[in-house]
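Coordinate inspection notes
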Amino acid sequence: NAGVTQTPKFRVLKTGQSMTLLCAQDMNHEYMYWYRQDPGMGLRLIHYSVGEGTTAKGEVPDGYNVSRLKKQNFLLGLESAAPSQTSVYFCASSYAGSTDTQYFGPGTRLTVL
Amino acid sequence: AQTVTQSQPEMSVQEAETVTLSCTYDTSESNYYLFWYKQPPSRQMILVIRQEAYKQQNATENRFSVNFQKAAKSFSLKISDSQLGDTAMYFCAFMKLKGAQKLVFGQGTRLTINP
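Another point: the overall build of chain B. When its secondary structure is counted, chain B shows zero helices and twelve strands. Along chain B, from the amino end to the carboxyl end, the secondary structure elements read β-β-β-β-β-β-β-β-β-β-β-β. In terms of overall dimensions, chain B is globule-like: its C-alpha atoms have a radius of gyration of 14 Å, near the 13 Å expected for 115 residues. Along the first, second and third principal axes, the C-alpha set of chain B runs to 45 × 25 × 20 Å. Buried positions account for 49% of the 115 residues belonging to chain B. Taking the intrachain contacts of chain B between residues at least 6 apart in sequence as the baseline, contacts between residues at least 24 apart amount to 55%. Surface accessibility of chain B: about 5500 Å² in total, with carbon and sulfur atoms responsible for 45%. Averaging the positions of the 12 positive and the 9 negative side-chain charges in chain B gives two centres separated by 10 Å.

This is how it looks when you write it as structure tokens:
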């Protein structure tokens, strides 16, 4: 049982490049989330999904797209990376209809030059 | 919209001392959950403790306890007999009961436990 995993762990991009971050969970969770963490700030929600095939915007969605084609995977895409997207990205998952804790992945450190 | 504020960017105490981290929040919801997460240098987010707003009794988990003041919208974390392994960033977070379980985080407090 790996929990929540994120791929890759580190990435450096040039401005304008695109990339996809992959989040996978093996706990059969319905809900999945993408957060970003910037220095001096807490985690902020980018997008989330309440089930396979569904996505919704969070607090800071601009410049990102997401997809949830399979229940266990939640992809975060950057179509044209900008230096302002330099951050640490965290994925999390949780059971639906429960106030149980969210389980977090280890994070991806992304630098956009 | 909900907001969470942690007014102490950094704190430092000696090992074995007791330390209290502050958190205030703003919401119009009557039912919600509050959490404290720990983030050590490994970056992993670890749940420390959670509190249901409808419960008057303060939550405790071993050396960790909270002081939940609903009317004042205050949710402080007390760490007793602090240990070197408690050194980490601590985040206070809010979750509404209704809808998707989105967490709203405070800015964090960097806690250092000195030997």
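Our focus in this paragraph is the sheet that holds strand β3 (residues 19-25) of chain A. Residue and element names in this part refer to chain A. Pairing is antiparallel in the open sheet, where four strands are placed in the order β1-β3-β8-β7. Strands at the two margins of the open sheet, each flanked by one partner only, are β1 (4-7) and β7 (65-67). On average, adjacent strands in this sheet sit at an angle of 20° to one another, irrespective of strand direction. In this sheet, strand β8 (residues 73-78) lies alongside β3 in antiparallel orientation, the contact comprising six bridges. Paired with Ala-24 across the two strands is Asn-73, which belongs to β8.

Moving on, we get to the pairing of strand β10 (residues 88-96) of chain B. For a regular strand, side-chain orientation follows a simple rule: the groups alternate between the two sheet faces. All names here are of chain B. For β10, a buried count of eight out of nine residues is recorded, marking the element as mostly surrounded by other parts of the structure. Of the pairings in the sheet, the one linking β10 to strand β12 (residues 109-114) comprises three bridges and is antiparallel in character. Bridge pairing links Met-89 to Arg-110 in β12. Between β10 and strand β11 (residues 103-105), which pair antiparallel one after the other, the connecting turn spans six residues, and Gly-99 there sits at a positive phi close to 75°.

The full count for this structure, using the stated rule, is six salt bridges over all chains. Note that Arg-44 of chain A and Asp-38 of chain A form a salt bridge whose closest N and O atoms lie 2.7 Å from each other. This pair shows no difference in class: Arg-44 of chain A is buried, exactly as Asp-38 of chain A is. The shortest N-O distance in the salt bridge between Asp-26 of chain B and Lys-73 of chain B comes to 3.7 Å. Of this pair, Asp-26 of chain B sits in strand β4 (residues 24-26) while Lys-73 of chain B sits in the loop between β8 (64-69) and β9 (74-79), and the two are 47 residues apart along the sequence. On the accessibility criterion, Asp-26 of chain B (41% relative accessible area) is partly exposed.

In this fold, Gln-57 of chain B is placed in the loop between β6 (46-52) and β7 (60-61). In this structure the C-alpha to C-alpha distance between Gln-57 of chain B and Asn-67 of chain B, which are ten residues apart in sequence, comes to 9.1 Å.

The next point concerns the nonpolar core. Ranked by size, the top nonpolar core spans 25 residues in total, and within it Tyr-25, Trp-36, Phe-75, Leu-77 and Tyr-90 of chain B carry the most contacts. Sorting the residues of this core by element identifies β3 (19-21), β5 (32-39), β6, β8, β9, β10 and β12 of chain B as the ones contributing at least two each. If you tally residues by element for this core, the top one is β10 of chain B, at four residues. With sequence-adjacent residues up to four places away left out, Tyr-25 of chain B is seen in contact with Thr-3, Val-4, Tyr-32, Leu-34, Phe-68, Gln-69, Lys-70, Lys-73, Ser-74, Phe-75 and Phe-94 of chain B. Counting 21 residues, the second-largest nonpolar core is a separate cluster that includes Tyr-33, Leu-45 and Tyr-48 of chain A together with Ala-100 of chain B.

On to the packing of aromatic side chains, then. In this structure the tally under the stated criterion is 15 aromatic pairs over all chains. Measuring from centroid to centroid gives 5.8 Å for Tyr-35 of chain A and Phe-104 of chain A, while their planes differ by 40°, and the two rings are tilted. With Tyr-35 of chain A in strand β4 (residues 31-37) and Phe-104 of chain A in strand β10 (residues 103-104), the pair connects residues that are 69 residues apart, well separated along the chain. The exposure classification of Tyr-35 of chain A matches that of Phe-104 of chain A, with both residues buried. Members of the aromatic cluster, joined through ring pairs, are Tyr-33, Tyr-35 and Phe-104 of chain A together with Tyr-33, Phe-35, Tyr-37, Phe-91 and Phe-105 of chain B.

What counts as what
- Residues numbered from 1 in each chain as written.
- Chains lettered and ligands numbered in written order.
- Predicted model: local features only at pLDDT ≥ 70, side-chain atom pairs only at ≥ 80, totals over all residues.
- Heavy atoms only, no water.
- Helix = DSSP H or I, 4+ residues; strand = E, 2+ residues; numbered from the N terminus.
- Rg over C-alpha atoms; globule rule 2.2 N^0.38 Å.
- Buried < 20%, exposed > 50% of the residue type's maximum accessible area, 1.4 Å probe, protein only.
- Contact = heavy atoms within 4.5 Å.
- Areas by Shrake-Rupley, 256 points an atom, 1.4 Å probe, with all protein chains shown as cover.
- Lys, Arg positive; Asp, Glu negative; His and termini not counted.
- Charge placed at Lys NZ, Arg CZ, Asp CG, Glu CD.
- Pairing = 2+ DSSP bridges.
- Axes fitted to C-alpha atoms, helices over the stretch in contact; angles between N-to-C directions.
- Salt bridge = Lys/Arg side-chain N within 4 Å of Asp/Glu carboxyl O.
- Core = buried A, V, L, I, M, F, W, Y, C linked by side-chain atoms within 4.5 Å.
- Phe/Tyr/Trp six-rings, centres within 6.5 Å; stacked < 30°, edge-to-face > 60°.

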